[in-house]
Structures are given as structure tokens and as C-alpha cells.
Amino acid sequence: THEGFLRYVVYRESKSTPQRVVGMITASKENPELMAELAQQLLEKNLVSGVIWLVNTKYADTSEGDMQQQWGDCSLEEKMSGQILSYPFTSFFQTNPQMAEKAQQYVISRVTPGKTILDMFCGVGTFSIPLEARADYLVGIEQSPEAIQAAKENALQLPVRNTVFVVADVAKYLQQLEKENPNFRYLVTLSREQWDGLHGRVQEHLPQDVSNTTFYICGLKEMVLGTKDALERRGVNPKHIRFERYT
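Source: prediction; values computed, not measured.

Burial of strand β12 (residues 215–219) is one-sided: the residues Phe 215, Ile 217 and Gly 219 facing one way are buried, the residues Tyr 216 and Cys 218 facing the other way are not. Sheet topology note: the β12/strand β13 (residues 241–245) ladder contains 5 bridges and is parallel. Each bridged residue has a counterpart across the sheet, and for Tyr 216 the counterpart in β13 is Arg 242. Remark: the β12/helix α6 (residues 221–233)/β13 crossover connection has right-handed handedness.

Here it is, written out as C-alpha cells:
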């Protein structure tokens, strides 16, 4: 209905520091005195360490908005795998750092040292930072400028500077990468929508030569299992097929 003033209240806290920040998303810039008074009460009662006021005038039902004002200390950071990762309130970050740290260690264990790594949708460097020690060169790509800025700052704690973070649309970046590297192919196929690109399921567009190749599959259960089955029927060792199913 787009009526009323307060749309969302978002609470974020660090699991390894006392930082607690609340974000209030409103439908307009009205009532600045009320917002300031509410923020001061939250801070004076030590309920939070910082308060952020965001404004979202769109009809979209999202808990996001443009920065209007902030009070107190709105910084957030988490210690994971022995490193400190700072992240803005409005950036994506793992809500369960303990499980994310286990995921970090799993990914690190699967990476052969001395490789060039492309971390797509890298965020603030949650995986890029710990992977740096295993890579000859690492590129992190993310569309959010503030997340990339945080990733660059997080990378300053690294002993070696072999990591680059880029603000870019991942799809466009991969298309440009394909133009610059003849051994790299970026294919998009849709099974239902009408468009000018490839049609059909992923398994219908697998490379002809699947020997000496490790495959990584991520997506809906039907797509993952169908692609995995198609690869195994073509002789790919199941040990060379890594996959993650969306739940």
C-alpha cells in the first residue's frame, strides 16, 4: 500500500566482538527529530553500539535503502580463520561465522597451491582473504562498491599483495574474460525463457572433451543431479565432480 512510515528494523551483531548495530528503514525522510531521539535512547541504554537510518521510497518489498544518517559506532567485524574481516552494515555477510569458517577451511583444502583464482561475488573477501596464501594471483569481483572497498581494506592485513578486487557486473566481466582468453568459455543457457542465447539444460551444452577435467556444479537439485549423471555416463570419475545443491 506504500502507507505508513517505518518499513523494517534490521539487527546485526558480531559473534566475536560486542558490536551491535540496528538499522531502521523508513518510507520517507520525514520525522528526523523522532529518528534522532530514538537512536539516542537506544545508545544511552546501551542496547546497541550503533544506529543507521535508511530510506526506501520504492514499492519493492526489500529491507534496503539509501543512507540517511547514522549514530554511534556502526562498524562491524568478525574474526574468522585467524583474520579480521570488516564489513559495512548494508553489505552481505555470513550470518553464521562459525559455519562460514568451516566452509573456508573446506575450500582452502580443495585448492591446489600456485593457481590463479577468480572469486565471483566475493563480497568483503570472506573467501578471497584466506585463499590468498594458496594462490599465485587472485581476483575478487563484486558489484557493490562498498563491499569491494571493505575487501580492499581487509586485504591490507595480508603479508603478500597478490590479490585484486574489482567492482564489476560478474556476467559482463566473464564475457570480457572470454574475449581476452581463447581457452576460456562463458556460456549461458535457459531452459524456458525466450531469448537470443543458448536454449536447453546445462547437460546439453557440456564440452565434447571431458577428460582430465574437474567439474564444479552449483544450483537446484534437479540441475545438479542431472548434470552429474550426464558427466558420469560420459566417463567422468565421480571424484572429479564437485557439487552443491540449493536448499
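Next, the rest of the story.
Looking now at a nonpolar patch on the surface. Among the surface-exposed residues, Leu 118, Met 120 and Phe 121 lie close enough to one another that they form a single nonpolar patch of about 300 Å² accessible area. Topologically, Phe 121 is positioned in the loop between β7 (115–120) and α3 (128–131).

What follows covers the side chain of Thr 227. Assignment of secondary structure puts Thr 227 in helix α6. Within the structure, the side chain of Thr 227 is placed 3.3 Å from the side chain of Gln 203, a separation counted as a polar contact. Excluding residues that lie within four positions of it along the chain, Thr 227 makes contacts with Val 202, Gln 203, Leu 206 and Ile 217.

A few words on the environment of Gln 68. Within the secondary structure, Gln 68 sits in strand β4 (residues 66–72). Sequence separation of Gln 68 and Tyr 246 is 178 residues, and the distance between their C-alpha atoms is 35 Å.

With that out of the way, let us pick up the nonpolar core. Val 21, Ile 52, Phe 89, Phe 93, Val 124, Ile 129 and Phe 165 are the most contacted members of the largest nonpolar core, which totals 22 residues. Elements that contribute at least two residues to this core include exactly β2 (20–26), β3 (50–55), β5 (76–80), β6 (83–87) and α4 (145–154). Broken down by element, this core gets its largest block of residues, 4 residues, from α4. Apart from the residues lying within four places of it in its own chain, the contact partners of Val 124 are Ser 86, Tyr 87, Pro 88, Ser 91, Phe 93, Ala 147, Ala 150, Ala 151 and Asn 154. Core analysis: the second largest hydrophobic core is formed by 11 residues, Phe 5, Val 22, Val 51 and Trp 53 among them.

This next bit is on the pattern of salt bridges. With the rule as written, the count across this model stands at 3 salt bridges. Here Arg 233 makes a salt bridge to Asp 229, at a shortest N to O gap of 2.9 Å. With a gap of 4 residues between them, Arg 233 and Asp 229 both fall in helix α6, about one helical turn apart. Among the residues examined, Asp 229 registers a relative accessible area of 38% and is labelled partly exposed.

On to helix α2 (residues 97–110), then. The first and last C-alpha atoms of α2 sit 20 Å apart over 14 residues, in line with the 20 Å expected at 1.5 Å per residue. Looking only at α2, the buried set comprises Pro 97, Ala 100, Gln 104 and Ile 108. Taken down its axis, α2 places every buried residue within 80° of arc, on the same side. For α2, the exposed residues set more than 90 degrees away from the buried face come down to Lys 102 and Ser 109. Of the surrounding elements, those touching the buried residues of α2 are β5, β6 and α3.

Attention now moves to α6. In this model, α6 (13 residues) spans 18 Å end to end at C-alpha, consistent with the 18 Å of a helix rising 1.5 Å per residue. Along α6, the residues classified as buried are Val 224, Thr 227, Lys 228, Ala 230 and Leu 231. Considered in projection along α6, the buried side chains sweep an arc of 160° and stay on one side of the axis. What points out from α6, more than 90 degrees from its buried face, is the exposed set Glu 222 and Arg 233. Packed against the buried residues of α6 are β12 and β13.

Calculation rules
- Residues numbered from 1 in each chain as written.
- Predicted model: local features only at pLDDT ≥ 70, side-chain atom pairs only at ≥ 80, totals over all residues.
- Heavy atoms only, no water.
- Buried < 20%, exposed > 50% of the residue type's maximum accessible area, 1.4 Å probe, protein only.
- Helix = DSSP H or I, 4+ residues; strand = E, 2+ residues; numbered from the N terminus.
- Pairing = 2+ DSSP bridges.
- Right-handed = clockwise from strand over helix to strand, strands pointing away.
- Patch = residues over 30% accessible without salt bridge, like charges linked within 9 Å, V, L, I, M, F, W, Y side chains within 5 Å.
- Areas by Shrake-Rupley, 256 points an atom, 1.4 Å probe, with all protein chains shown as cover.
- Salt bridge = Lys/Arg side-chain N within 4 Å of Asp/Glu carboxyl O.
- Polar contact = N/O pair within 3.5 Å; in protein donor to acceptor, adjacent residues only side chain to side chain.
- Contact = heavy atoms within 4.5 Å.
- Core = buried A, V, L, I, M, F, W, Y, C linked by side-chain atoms within 4.5 Å.
- Expected span 1.5 Å × (residues − 1).
- Arc of directions from axis to C-beta.

Interpretation note: all reported values are geometric properties and have no functional meaning in isolation.
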